[in-house]
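A look at the structure
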Amino acid sequence: MLSVVLSGLRARWASFLGGFLALALGVGLLTTMGLGLSATFDAPERSPQRFASSPVVVQGQDRLTLDVRRGPDTVPVSQRLDRPQPVDKELVRELRTRWPLTESGGPDAVGLDAPADEVRALVGDRAQVLTGDARRNADPDPERDAQALVGLNALLGTTGGVTAFVSVFVVASTFAFAVALRRREFGLLRTAGATPGQVRRLLLAEATALGVLASAAGCALGAAGAPLLARALVDGGLAPEWFAVGDAVWPFHLAFWTGLTVALAGAVAASRRAGKVGPTAALREADVDTDVLPLGRALLGAGLLLTGLGLLVWTYATEPSELLKRKTYTTLPMLLIGGVALLSPLLVRPVARLLRLRGAVGTLVRENSAASVRRTAAVAAPVLVTVALAGTLFGSAASVTQTRGVEAREQTAAQYVVSGEELKPVAVSALPAGAVVSPTASTSLFVRDGAEAVVKYGARAVADPAAFAELARLPVVAGDLRDLDDRSIVVNEEFERHRIGETVEIWRADGSGPVHLRVVAVLALGTGDNGPFVTRANAPGAPLDRIEASGGGGAATARALEASGGTVRTAAAWAAADHPASSPQTRLGMILVLGIALVYTVIGLANTLLMATSVRGGELASLRLAGAARAQILRVVTGEAVLATAIGALLGLAVTAAVLGTLGAGLASLSAPVALVLPWAVVGAAAAVCATVAVASSALPAWRLTR
C-alpha cells in the first residue's frame with residue numbers, strides 16, 4: 001500500500017501541490033500565531049521605577065473591594081480604581097516620626113527604608129505595604145504592559161481562528177474535487193478487483209502522507225515567520241516595543257496535529273464517496289455532474305447556516321449591543337460563510353441558468369457552468385469566503401465606528417468642542433455675551449449588579465448642570481436632564497435600577513462611598529457611550545477633559561476657549577477626530593486577516609482550475625473539431641471561470657447583507673443612528689484578484705491543450 005501511495009503522489013504531484021501549499025501555509029500561520037499568542041500571556045517583568053531606591057512603599061488603596069453573593073456564601077470582589085487613594089495624612093506623620101520618607105510625584109504613595117514587618121504592623125488596613133517587585137504597583141499606569149497585550153491577544157486569536165477556518169475549507173474542497181476528477185481511475189481499480197475499503201484506505205493513506213509532509217514544512221515555516229510577525233506588529237503599532245516571541249513548544253504540537261487532522265478530515269468524506277464508485281464508472285463519458293451534494297454535506301451546511309442565522313437573530317433580539325463587538329462580527333459570519341459554501345452546489349445551477357448570455361460562446365459558458373456543478377462550486381466557494389470576510393469584517397467595523405461618530409455629533413448642540421487632558425476652566429468674564437459653556441470630566445462609577453456582581457461604568461462628570469442640559473441632545477427616554485444635581489444621577493437602560501425616582505447605590509472613582517443618588521433621567525443605550533452622568537461633586541479629583549460651547553458670536557467664543565489649553569474644534573471636526581473611520585492598528589489587523597483569506601483563495605482557485613482544465617483535453621478537442629476557433633475556446637474556458645467567480649462574489653455579498661442588515665436592525669433597536677458602510681473598494685479589490693487568478697489559471701492549461 002505504501003509503495004502505491006508514494007507512486008501515486010509522485011505521478012500526480014501537480015494535483016496535490018495546491019493542497020500541500022494550503023496545508024503547509026495553514027500550519028505555518030498557526031505556528032506563527034501560536035508563538036505570538038504564547039508571548040502575549042505574560043507581560044515582561046519590569047523593575048520598580050518610581051520608588052526604586054526604597055525597599056518598602058506605603059500606597060493608598062487602589063482597589064474597591066465589595067462582598068457579593070456566590071451561592072449561599074459571600075465572597076470579596078475587587079475592581080481597580082481610576083487612581084490610588086491618597087495615603088492618610090495622619091499615617092504619613094506617624095511614619096515620618098519613625099523613619100525617613102521618600103515622596104515622589106503625589107500623595108498616593110511614600111517610600112521608606114524600614115523593616116517591612118514593622119511597617120505593616122503600623123499601617124494595618126489603612127493602606128497597602130509593597131515590597132520587592134510589588135513596588136511596581138506604585139509606578140504610573142502599572143498595568144500598561146498587560147493592557148498593551150489585550151488587543152494583540154484578541155488580534156492573534158482572531159487571525160488564528162480565521163486561518164484554521166479557511167485552511168479546513170480549502171483543504172477539504174481540494175481533496176473533494178481531486179477525488180471527483182479521479183472517478184474513472186477508481187472505477188478502473190474496482191474493475192481490477194479493488195474493494196471499496198481498499199480505495200478508501202488508499203485515499204486516507206495519501207492524505208496522511210500529505211498531512212505529515214505539509215505539517216512538518218509548515219512548522220519550519222512558522223518558526224521562521226514568527227520573529228518577522230513580531231517585528232511587523234511592533235512596526236505597525238499593534239504591539240509594544242518590547243514585544244518578541246518566546247520559545248514555547250506547544251504551538252508546534254498544536255499546529256502539527258491540527259494540520260494532520262485537517263488533512264485526514266478533508267479526506268474522510270472524499271474517501272467515503274470514492275469507496276462508492278462502481279466498476280462501471282470507468283466507462284462513463286458524460287460530464288454532467290450528479291449527486292453533487294451528499295447527504296452529510298447537505299446536513300452540515302444546513303446546520304451551519306441555520307445556526308448562524310439563529311445566533312444573529314437571537315443576539316439581535318436579546319442583546320443587540322453584542323452585535324457591535326468585534327468578537328461577534330468576526331465569528332458569527334464564519335458560520336454563515338461555511339453554511340452557504342457547503343450548500344453552494346444547490347445554488348450554482350439555478351444562478352447559471354438565470355443568465356442570458358448571447359452568442360455561441362455565452363451559451364457554452366452558461367451550459368458548461370450549469371452542467372459541471374462541482375467545478376463551478378469549487379471555484380465559487382473560496383471566492384465566497386474572501387468576499388464575505390472582506391464585506392463583514394471591514395463593513396461591520398466601519399459601520400460601528402461611523403455610527404459612533406454620527407451619534408457623538410448628534411448628541412451635542414455645541415458649535416465648538418475642546419478636548420485635552422487636565423483642561424483649565426474658562427473664566428466667565430473671558431466669554432462673549434450669550435455664550436454657553438459646559439465643561440465635563442471623564443470618571444468611573446462602581447455599581448452593584450444585583451447581589452452577584454460589581455460593575456465599573458465609564459461616566460462623565462458635569463460641572464454646570466444647567467449648561468449641560470442646554471447643550472446636550474442625549475436620547476432621553478424618561479425624565480429630564482435639567483433635574484441633575486449633586487444628589488442625583490442620569491443612567492441608561494442597562495442599569496438594573498433605571499426608573500425615575502429610584503435610588504442607585506454607587507461608589508465613586510476614588511473608592512469613596514457608598515453614595516445613594518436619585519435617578520432623574522434615563523437614556524437609551526445607544527452604541528455604549530450614553531451615560532451615566534453625575535455632577536463633579538461625585539467625581540472627586542477627575543480633571544476636565546472636554547468643554548462644549550455654543551453662542552456668543554462663534555469665533556469670539558472659539559478664541560476664548562483657547563485659554564483652556566486644549567484643542568479647539570468645531571463639533572463636526574471633533575466627532576470625526578474622536579471617532580475616526582478606523583484606527584491604523586485596527587485597519588492593519590483586518591488587512592492581516594483578509595490577506596490570509598485571500599492567499600488561501602488564490603491557492604484554492606489556482607489548484608482547482610489547473611486540475612479541472614487540464615483534464616478537459618477531449619472536450620476542448622471536440623470543440624475544435626466542431627469548428628470552434630482557438631480564441632473562442634479560450635473565451636469559453638475563461639468565461640466559465642469569470643462566471644463562477646461572479647457567483648461566489650454574489651453569495652459573499654448575500655452573507656454580507658445578512659450580517660450588516662442585522663447590525664443595522666440592532667443599532668436601530670438601541671436608538672442609535674444607523675450608518676451602515678459597505679466597503680465596495682475592499683470587496684471589489686478582493687473580487688478582482690480572484691477573477692484575475694481564475695482567468696489565468698484556466699487560460700494557461702487551455703492554451704496548452706489547444707495548441
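Residues numbered from 1 in each chain as written. Predicted model: local features only at pLDDT ≥ 70, side-chain atom pairs only at ≥ 80, totals over all residues. Heavy atoms only, no water.

1. Concerning the overall build of the protein
Threshold: Helical segments are the DSSP runs of H or I of at least four residues, strand segments are the runs of E of at least two, and each set is numbered from the N terminus. We call two residues in contact when some of their heavy atoms are within 4.5 Å. For every accessible area listed, the method is Shrake-Rupley and the probe measures 1.4 Å; residues are considered covered only by the protein chains on display. When charges are counted, Lys and Arg are positive and Asp and Glu negative, with His and the chain ends excluded. Each charge is placed at NZ for Lys, CZ for Arg, CG for Asp and CD for Glu.
The number of helices and strands found in the protein is 20 helices and 16 strands. In the protein, once contacts between residues fewer than 6 apart in sequence are set aside, the share between residues at least 24 apart is 80%. For the protein, the accessible surface area stands at approximately 31,500 Å², while carbon and sulfur atoms represent 60% of it. Within the protein, one finds 64 positive and 57 negative side-chain charges whose respective centroids are separated by 15 Å.

2. Some thoughts on the pairing of strand β3 (residues 73-80)
Heads up, the rule is: A pair of strands counts as paired when DSSP detects no fewer than two bridges linking them.
Across 8 bridges, strand β2 (residues 63-70) lies against β3 in antiparallel orientation. By the bridge assignment, T65 is partnered in β3 with S78. In this structure, the hairpin formed by β2 and β3 is closed by a connection of 2 residues, where G71 is found at a positive phi of approximately 70°.

3. Side note on the pattern of salt bridges
Note the following rule: One speaks of a salt bridge when a side-chain nitrogen belonging to Lys or Arg is within 4 Å of a carboxyl oxygen belonging to Asp or Glu. Buried residues are those whose accessible area, probed at 1.4 Å on protein chains only, stays under 20% of the maximum for their type, while exposed residues exceed 50% and partly exposed ones sit between those limits.
Enumeration according to the criterion identifies 15 salt bridges in this entry. We note a salt bridge from E94 to R126, for which the minimum N-O separation is 3.2 Å. With a gap of 32 residues between them, E94 in helix α3 (residues 89-98) and R126 in the loop between α4 (116-123) and β6 (128-131) connect regions that are remote in the sequence. In this structure, E118 and R98 form a salt bridge, with 3.6 Å as the shortest nitrogen-oxygen distance. Of this pair, E118 sits in helix α4 while R98 sits in helix α3, placing them 20 residues apart in sequence. Classification of R98 by relative accessible area gives partly exposed; the value is 49%.

4. Focus: the environment of A134
Note on placement: A134 falls in the loop between β6 and α5 (144-181). On the basis of relative accessibility, which here comes to 33%, the residue A134 falls in the partly exposed class.

5. Examining the packing of helix α10 (residues 326-342) against helix α19 (residues 630-669)
Spelled out, the test is: Orientation is described by axes fitted as lines to C-alpha atoms, over the contacting stretch for helices, and by angles from 0 to 180 degrees between their N-to-C directions. Two helices that cross are described as forming a left-handed crossing if the nearer one is turned anticlockwise from the farther one by less than a right angle, and a right-handed crossing if clockwise. Residues were grouped as follows: Ala, Val, Leu, Ile, Met, Phe, Trp, Tyr, Cys and Pro as nonpolar; Asp, Glu, Lys and Arg as charged; and all remaining residues, including Gly, as polar.
Viewed as axis vectors pointing N to C, α10 and α19 meet at an angle of 145°, and their least axial separation amounts to 10 Å. For α10 against α19, the interelement crossing comes out right-handed. Residues P333, L336, I337 and V340 of α10 form the contact with α19, whose own contacting residues are L651, V655 and V659. Of the residues that constitute the contact of α10 with α19, the class distribution is 7 nonpolar, no polar and no charged.

6. As for the environment of L481
Assignment of secondary structure puts L481 in the loop between β10 (476-479) and β11 (488-492). Expressed as a C-alpha distance, the spacing of L481 and S78, which sit 403 residues apart in the sequence, is 32 Å. Excluding anything up to four places from it in sequence, L481 contacts F468, A469, A472, L474, V476, V490, A521 and L523.

7. What about the packing of α3 against α4?
One way to put it is that α3 packs onto α4 with a least axis distance of 11 Å and a crossing angle of 145°. Once α3 is placed against α4, the crossing between them reads as right-handed. Contact residues: α3 offers L91, E94, L95 and R98, while α4 offers E118, L122 and V123. Taken together, the residues that form the contact of α3 with α4 break down as 4 nonpolar, no polar and 3 charged.

8. A closer look at helix α20 (residues 680-705)
Formally: To estimate how far a helix should reach, multiply one less than its number of residues by 1.5 Å.
For α20, which comprises 26 residues, the first-to-last C-alpha distance of 37 Å matches the rise-based estimate of 38 Å (1.5 Å per residue) to within 8%. Of all the positions in α20, only V683, A686, A687, C690, V693, A694, S697, S698, P701 and A702 are classed as buried.

9. Examining the pairing of strand β7 (residues 416-419)
Side chains Y416 and V418 of β7 all project onto a buried face; the interleaved residues V417 and S419 project onto the opposite face, where all are buried too. Here β7 runs beside strand β15 (residues 544-550); their pairing, made up of 4 bridges, is antiparallel. Residue V417 lies in a different strand from β15, and its bridge partner there is E548. Inspection of the sheet shows β7 paired to strand β16 (residues 567-570) by 4 bridges, in the antiparallel sense.

10. Structural notes on α10
Spacing of three or four residues puts side chains on the same side of an α-helix, whose turn is 3.6 residues. When the terminal C-alpha atoms of α10 are compared, their 25 Å separation across 17 residues agrees well with the 24 Å that a helix rising 1.5 Å per residue should span. The buried fraction of α10 amounts to 13 of the 17 residues, a majority that puts the element mostly inside the structure.

11. Focus: the sheet that holds strand β1 (residues 56-59)
Pairing is antiparallel in the open sheet, where 4 strands are placed in the order β4-β5-β1-β6. The open sheet has two free edges, formed respectively by β4 (101-103) and β6, since each of these has just one partner strand. For this sheet, the mean inter-axis angle between neighbouring strands, taken without regard to orientation, is 30°. As defined by bridge partners, β1 adjoins strand β5 (residues 109-112) across 4 bridges and the pair is classed as antiparallel. Of the residues in β5, the one forming a bridge with Q59 is A109. Contacts from α4 reach β1, β5 and β6 within the one sheet, and its direction differs from that of β6 by about 170°.

12. Comments concerning the confidence of the model for the protein
Note the threshold: Think of pLDDT as the predictor's per-residue confidence, scored from 0 to 100.
Here the protein averages 84 in pLDDT, and 92% of its residues register 70 or above. The spread of mean pLDDT over the elements of the protein runs between helix α1 (residues 2-11), the lowest at 59, and strand β14 (residues 533-535), the highest at 96.

13. A look at the side chain of S550
By secondary structure assignment, the location of S550 is in strand β15. What makes S550 buried here is its relative accessible area of 15%. Those residues in contact with S550, other than ones at most four positions away along the chain, are A413, A414, Q415, G434, A435, V436 and L471.

14. What about unusual backbone geometry?
In this structure, the amide linkage connecting G513 to the following residue, P514, adopts the cis form with an omega of 5°. Within the element layout of this structure, P514 appears in the loop between β12 (503-507) and β13 (515-523). Despite not being glycine, E422 has its phi angle at roughly 50°, a positive value. Tracing the sequence through the fold places E422 in the loop between β7 and β8 (436-449). For E422, a relative accessible area of 62% corresponds to the exposed category. Despite not being glycine, S671 shows a phi value in the positive range, around 60°. Checked against the element boundaries, S671 lands in the loop between α19 and α20. For S671, a relative accessible area of 44% corresponds to the partly exposed category.

15. Digging into the packing of aromatic side chains
Any two aromatic rings considered together are summarised by their centre-to-centre distance and by the angle between their planes. Rules: Stacked, tilted and edge-to-face pairs are distinguished by plane angle, under 30 degrees for stacked and over 60 for edge-to-face with tilted covering the rest, among Phe, Tyr and Trp rings (Trp via its six-membered ring) whose centres lie within 6.5 Å.
Inspection of the entire model under this criterion finds 4 aromatic pairs. Between the aromatic rings of F256 and W257, the centroid separation amounts to 5.1 Å while the plane-to-plane angle is 90°, which identifies the pairing as edge-to-face.

16. Concerning the nonpolar core
Applied cut-off: Put simply, buried Ala, Val, Leu, Ile, Met, Phe, Trp, Tyr and Cys residues joined by side-chain atoms within 4.5 Å make one nonpolar core.
In this structure, V166, L233, F243 and Y600 are the most contacted members of the largest nonpolar core, which totals 87 residues. The element contributing the most residues to this core is helix α13 (residues 373-410), with 14 residues. Core analysis: the next-biggest nonpolar cluster, separate from the first, contains 30 residues, V418, A539, L544 and I547 among them.

17. A word on the side chain of S564
The condition is simple: Two N or O atoms form a polar contact when they lie within 3.5 Å of each other; inside protein one atom must be a possible hydrogen donor and the other a possible acceptor, and for residues adjacent in sequence the pair counts only when both atoms belong to side chains.
Turning to its location among the elements, S564 is positioned in the loop between α15 (555-561) and β16. A polar contact is formed between the side chain of S564 and the backbone oxygen of L561, at a distance of 2.7 Å. If we ignore the near neighbours within four places in the chain, the residues touching S564 are V418, L423, K424, V426 and I547.

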